[in-house]
Amino acid sequence: LGMSSRIFDNGILRVSVPEGWLIFNGIDSDGKASPKKLHIYKDAQTELDIFTKAGITVCFYGKNEIFLSIRALYDNICDLEPFECGGHLWNVYTCTSFGYPYTMLHSTHDGVTFQVMILTENGEHKISLDDTDVRSILESIEACE
């Protein structure tokens with residue numbers, strides 16, 4: 001890990017957050033903050049920046065939870081080659097949602113699934129799967145169990 005990263009650990013998920021990125025819990029379907037859903041946004045100052053910046057959402061599904069692919073809800077789906085990163089074999093596709101471009105990844109191992117949604121472009125803010133910061137986040141994702 002470079003000096004410019006910090007480790008975020010909420011007891012469920014552990015991830016390395018590069019300097020200049022903001023991390024915070026996402027909201028579950030009941031509107032409550034959930035430690036199983038993390039937003040990691042580049043150049044964000046507050047949680048409201050998810051509406052104006054590019055970033056990554058990491059969702060965790062434990063052994064007793066059902067992961068349902070929401071792929072059918074998106075447009076312009078394009079499958080990419082699966083790749084290994086951080087000890088996970090990631091299945092990948094690109095798509096658009098409400099006109100926003102995303103790169104979607106998921107990996108299942110030992111009954112545990114991680115889903116990673118990368119909002120690659122929001123206004124003039126852009127990130128990519130090939131960015132060093134994005135790769136370092138992906139490499140670091142792990143369950144705390």
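Draft legend 1. Summary view of the sheet that holds strand E4 (residues 33-42). As summarised here, the arrangement of the seven strands in space is E3-E4-E5-E9-E8-E7-E6, forming an open sheet in which the pairing is antiparallel. On the outer flanks of this sheet lie strand E3 (21-27) and strand E6 (75-85), each paired with one strand and no other. Neighbour-to-neighbour, the strand axes of this sheet turn through a mean angle of 20 degrees, independent of strand direction. Sheet topology note: the E6/strand E7 (residues 88-97) ladder contains seven bridges and is antiparallel. When the bridges of E7 are listed, Asp75 appears paired with Thr96. Where helix H1 (residues 132-140) meets the sheet, it contacts E3, E4, strand E5 (55-61), E6, E7, strand E8 (100-109) and strand E9 (112-119), and its direction lies at approximately 65 degrees from that of E6.

Draft legend 2. Geometry of the environment of Tyr61. Summarising the element assignment, Tyr61 is placed in strand E5. Between the C-alpha atom of Tyr61 and that of Phe114, which follows or precedes it by 53 residues, the distance is 6.3 Å. Not counting residues within four places of it along the chain, the set of residues in contact with Tyr61 comprises Ile66, Phe67, Gly111, Val112, Thr113 and Gln115.

Draft legend 3. The arrangement of unusual backbone geometry in detail. One non-glycine residue, Asp43, lies in positive phi territory at about 60 degrees. Its location among the elements puts Asp43 in the loop between E4 and E5.

Draft legend 4. Layout of the pattern of salt bridges. Counted under the stated rule, the structure contains five salt bridges. One salt bridge in this structure joins Asp9 and Arg14, with 3.0 Å as the shortest N-O distance. Its relative accessible area of 42% is what places Asp9 among the partly exposed residues. Judged by its relative accessible area of 25%, Arg14 is partly exposed.

Calculation notes
- Residues numbered from 1 in each chain as written.
- Predicted model: local features only at pLDDT ≥ 70, side-chain atom pairs only at ≥ 80, totals over all residues.
- Heavy atoms only, no water.
- Pairing = 2+ DSSP bridges.
- Helix = DSSP H or I, 4+ residues; strand = E, 2+ residues; numbered from the N terminus.
- Axes fitted to C-alpha atoms, helices over the stretch in contact; angles between N-to-C directions.
- Contact = heavy atoms within 4.5 Å.
- Salt bridge = Lys/Arg side-chain N within 4 Å of Asp/Glu carboxyl O.
- Buried < 20%, exposed > 50% of the residue type's maximum accessible area, 1.4 Å probe, protein only.

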